Amino acid sequence: MIEHLHNIVQNHAVFISASILIIAYIFIALEKIPKVTIALLGAVVTILFGLVSQSKSVNGILNPDYFINFVDFNVIFLLVSMMIIVSIAARSGMFNWIANELLKLTKGHPKLVLFTLGIFTAVTSAFLDNVTTVILIMPVTFFIAEQLEINPVPFLITEIFASNIGGTATLIGDPPNIIIGSAAGLSFMDFVRELTGVVSLILVVVAVLMMFIFRKSLVADAEKMKAVANLDNSKTITDFSLMIRSAVILVLVILGFVLHDVTHIETCVTAMFGASVLLLFEKPKDILCDVEWNTIFFFIGLFIIIGGLDASGGIALMAKWILNITQGSQNAASMLILWASGLISGVIDNIPYTATMTPMLLEIQKAMGADYTYPLWWCLSLGACLGGNMTIIGAAANVIVSETSAHKGYPISFMGFLKYGVVTMLISLLISSLYIWFRFLN
């Protein structure tokens, strides 16, 4: 019986592994069961079906299909380490202090406040994960809106867009970029060179667009504006020595990312070193509670599910399909991946989508070469990260902001967000298309 089942799985491995992935996608999109549970359950089924191996070695020879081999620990350790660094740094109050200082420069003018919050959110998201960024900026936003006696929703929607746009600019800004960088061997400076410029342009265009769209809501009394301009920021820093320590480590870690091409030290190792140094002064048990372990184990489970599709040859078939439909045209493949990534990532979580696409691009790279595939990596990054702005469920930061806003008495409906999200996404992808065309394809 077991032997018969084994033969069925081996003969239909592509179909079975693809079915597991699709079913996992459906349940992730439905959000009825925690996505980490779905990912781990899918991983167990993948292993039990024999799509990936439970054995580390066979007859003394390392087994390439061992399920652990499909887990990208560069991604895992980089995420955990950055979560630790950010958790410790945030406890000092340094991020709120910076936000308040920037807001004081606006003199309380609502339009300038919106623009400043957007820029600050984007810049912060380039170095911290999007979820952490919006969690840090939301209390400031509600406070400012309360002082100005205006609706905080325009600020919150702008911050959602800015967090996803800003996270696109660097290797560590958004989980899809971490996955892409690890798979493609792209460094921190590669992302800065290729994406920071176009992302900055998209950010300014979107911020100005939001100022125009919400212009009628961004009106406040002169006295209220004066109160914001004179914010007392003297007590925001709660632990000065912790702030200095955290700032130094954060700067050194980012410097380590920048110098990767010189030192050849992996970004995850640099981040682990920074996190370890900060933990010397903290109680690890308290800090590790702040790590988003749901996200970490979601990644691990997802890597194993996709590993099953890879080991079965399904990823290779997907790569061949892309090359066939585009007839080997680099231009067509680039635009297809950019726009498909944007549209799909607006509907489903961009993390599983990116994790599925990266091995497919590696297969295309094997067939067509690194030069052919190079722009495709940037198309995947831009599409997956920017597409998250389309709907309120397009990225984790969107969901957290909407839930917090509703709890505060300012609900953001799916359709209400969609009318701004679709416009933002289309403008972002249009600018990205022009950039990709003139930078790589023309």
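This write-up is about the structure you can find in this document.

The rules behind each value
Residues numbered from 1 in each chain as written. Predicted model: local features only at pLDDT ≥ 70, side-chain atom pairs only at ≥ 80, totals over all residues. Heavy atoms only, no water. Helix = DSSP H or I, 4+ residues; strand = E, 2+ residues; numbered from the N terminus. Rg over C-alpha atoms; globule rule 2.2 N^0.38 Å. Buried < 20%, exposed > 50% of the residue type's maximum accessible area, 1.4 Å probe, protein only. Contact = heavy atoms within 4.5 Å. Salt bridge = Lys/Arg side-chain N within 4 Å of Asp/Glu carboxyl O. Patch = residues over 30% accessible without salt bridge, like charges linked within 9 Å, V, L, I, M, F, W, Y side chains within 5 Å. Areas by Shrake-Rupley, 256 points an atom, 1.4 Å probe, with all protein chains shown as cover. Axes fitted to C-alpha atoms, helices over the stretch in contact; angles between N-to-C directions. Parallel < 35°, antiparallel > 145°, perpendicular 65-115°, else oblique. Left-handed = near helix turned anticlockwise from the far one by under 90°. Nonpolar A, V, L, I, M, F, W, Y, C, P; charged D, E, K, R; others polar. Polar contact = N/O pair within 3.5 Å; in protein donor to acceptor, adjacent residues only side chain to side chain. Expected span 1.5 Å × (residues − 1). Phe/Tyr/Trp six-rings, centres within 6.5 Å; stacked < 30°, edge-to-face > 60°. Lys NZ or Arg CZ within 6 Å of the ring centre and 35° of its normal. Disulfide = S-S within 2.5 Å.

## What about the overall build of the protein?
In step 1: Scanning the protein from N- to C-terminus turns up 22 helices and 2 strands.
In step 2: The C-alpha atoms of the protein give a radius of gyration of 23 Å, which matches the 22 Å a tight globule of 442 residues would have.
In step 3: The buried share of the protein, taken over its 442 residues, is 54%.
In step 4: For the protein, restricting intrachain contacts to residue pairs at least 6 apart in sequence, the fraction spanning at least 24 positions comes to 79%.

## A look at the pattern of salt bridges
Any two side chains of opposite charge can pair, on the condition that their charged atoms come close.
In step 1: Under the counting rule described, the total for this entry stands at 5 salt bridges.
In step 2: Of the charged contacts in the structure, one is a salt bridge between Asp 190 and Arg 193, with a shortest N-O distance of 2.5 Å. A residue pair is termed a helical-turn pair when its members lie 3 or 4 positions apart in one helix, as Asp 190 and Arg 193 do in helix α10 (residues 188–213) at 3 residues.

## Overview of a nonpolar patch on the surface
In step 1: On the surface, a cluster of nonpolar side chains totalling about 710 Å² of accessible area is made up of Phe 240, Ile 244, Val 248, Leu 252, Leu 255, Val 258, Leu 259 and Val 262.
In step 2: Among the elements that take part in the nonpolar patch, helix α12 (residues 240–258) stands out by supplying 6 residues, more than any other.
In step 3: Looking at the element boundaries, Ile 244 is found in helix α12.

## Section: the packing of helix α8 (residues 153–167) against helix α21 (residues 396–407)
In step 1: One can describe the packing of α8 onto α21 by two numbers: an axis separation of 9 Å at closest approach and a directional angle of 165°. With respect to α21, the element α8 is oriented roughly antiparallel. Crossing geometry of α8 relative to α21 is assigned as right-handed. The segment α8 lies against α21, with Val 153, Leu 156, Ile 160, Ser 163 and Asn 164 engaging Ala 397, Asn 398, Val 401 and Ser 405.
In step 2: When the residues that make up the contact of α8 with α21 are grouped by side-chain class, the tally is 5 nonpolar, 4 polar and no charged.

## Here we look at the side chain of Ser 81
In step 1: Note on placement: Ser 81 falls in helix α4 (residues 73–90).
In step 2: Of note is the side chain of Ser 81, whose polar atom sits 2.7 Å from the backbone oxygen of Phe 77.

## A few points about the environment of Val 248
In step 1: Mapped onto the elements of the fold, Val 248 is located in helix α12.
In step 2: Note: C-alpha distance between Val 248 and Ser 312 (64 residues apart in sequence) is 47 Å.

## Some thoughts on helix α20 (residues 370–387)
In step 1: With 18 residues, α20 should cover 26 Å at 1.5 Å per step; its first-to-last C-alpha distance of 25 Å lies within 8% of that length.
In step 2: α20 sits mainly inside the fold: 15 of its 18 residues count as buried.

## Focus: unusual backbone geometry
In step 1: At Lys 107, a position not held by glycine, the phi torsion is positive, near 60°.
In step 2: Locating Lys 107 in the fold gives a position in the loop between α5 (94–105) and α6 (110–125).
In step 3: Looking at Lys 107, the relative accessible area reads 58%, which means it is exposed.
In step 4: Although it is not a glycine, Glu 149 sits at a positive phi angle of roughly 55°.
In step 5: As for its placement among the helices and strands, Glu 149 is situated in the loop between α7 (130–148) and α8.

## Considerations on the packing of helix α9 (residues 175–184) against α20
In step 1: Across the interface, α9 lies against α20 with an axial gap of 10 Å and an inter-helix angle of 165°. For the element pair α9 / α20, the angle class is roughly antiparallel. Both α9 and α20 take part in a crossing whose hand is right-handed. In this structure, α9 contributes Pro 176, Asn 177, Ile 180, Ala 183 and Ala 184 to the contact, and α20 contributes Trp 377, Leu 380, Ser 381, Ala 384 and Cys 385.
In step 2: Here the contact of α9 with α20 is composed, by residue class, of 8 nonpolar, 2 polar and no charged.

## Overview of the packing of aromatic side chains
In step 1: Inspection of every chain in the model, using the stated rule, returns 11 aromatic pairs.
In step 2: Taking the centre distance of 4.9 Å and the plane angle of 85° together, the rings of Phe 191 and Trp 378 count as edge-to-face. Remark: Trp 378 occurs in helix α20 and Phe 191 occurs in helix α10; sequence separation between them is 187 residues.
In step 3: The interplanar angle of 55° and the centroid separation of 5.0 Å between the aromatic rings of Phe 214 and Tyr 420 together place this pair among those described as tilted. Here Phe 214 is found in the loop between α10 and α11 (222–229), whereas its partner Tyr 420 is found in helix α22 (residues 414–441), with 206 residues between them in sequence.
In step 4: Its relative accessible area of 18% is what places Tyr 420 among the buried residues.
In step 5: Put simply, the rings of Phe 191, Tyr 374, Trp 378, Tyr 435 and Phe 440 pair up and form one aromatic cluster.
In step 6: In this structure, Arg 245 is placed above the aromatic ring of Phe 281, and the distance from its NZ or CZ to the ring centre is 4.4 Å.
In step 7: Here the guanidinium or amino end of Lys 408 rests over the ring plane of Phe 142, the centre of that ring lying 5.5 Å away.

## What about α4?
In step 1: With 18 residues, α4 extends 25 Å between its outermost C-alpha atoms, agreeing within 8% with the 26 Å of an ideal straight helix rising 1.5 Å per residue.
In step 2: For α4, a buried count of 14 out of 18 residues is recorded, marking the element as mostly surrounded by other parts of the structure.
In step 3: Its side-chain oxygen placed 3.1 Å from the backbone nitrogen of Asn 74, Asp 72 serves as the N-cap of α4.

## A look at the state of the cysteines
In step 1: One pass over the full model with this rule turns up 0 disulfides.
In step 2: The thiol sulfur of Cys 385 is not disulfide-bonded, and the nearest other cysteine sulfur, from Cys 379, lies at 13 Å.

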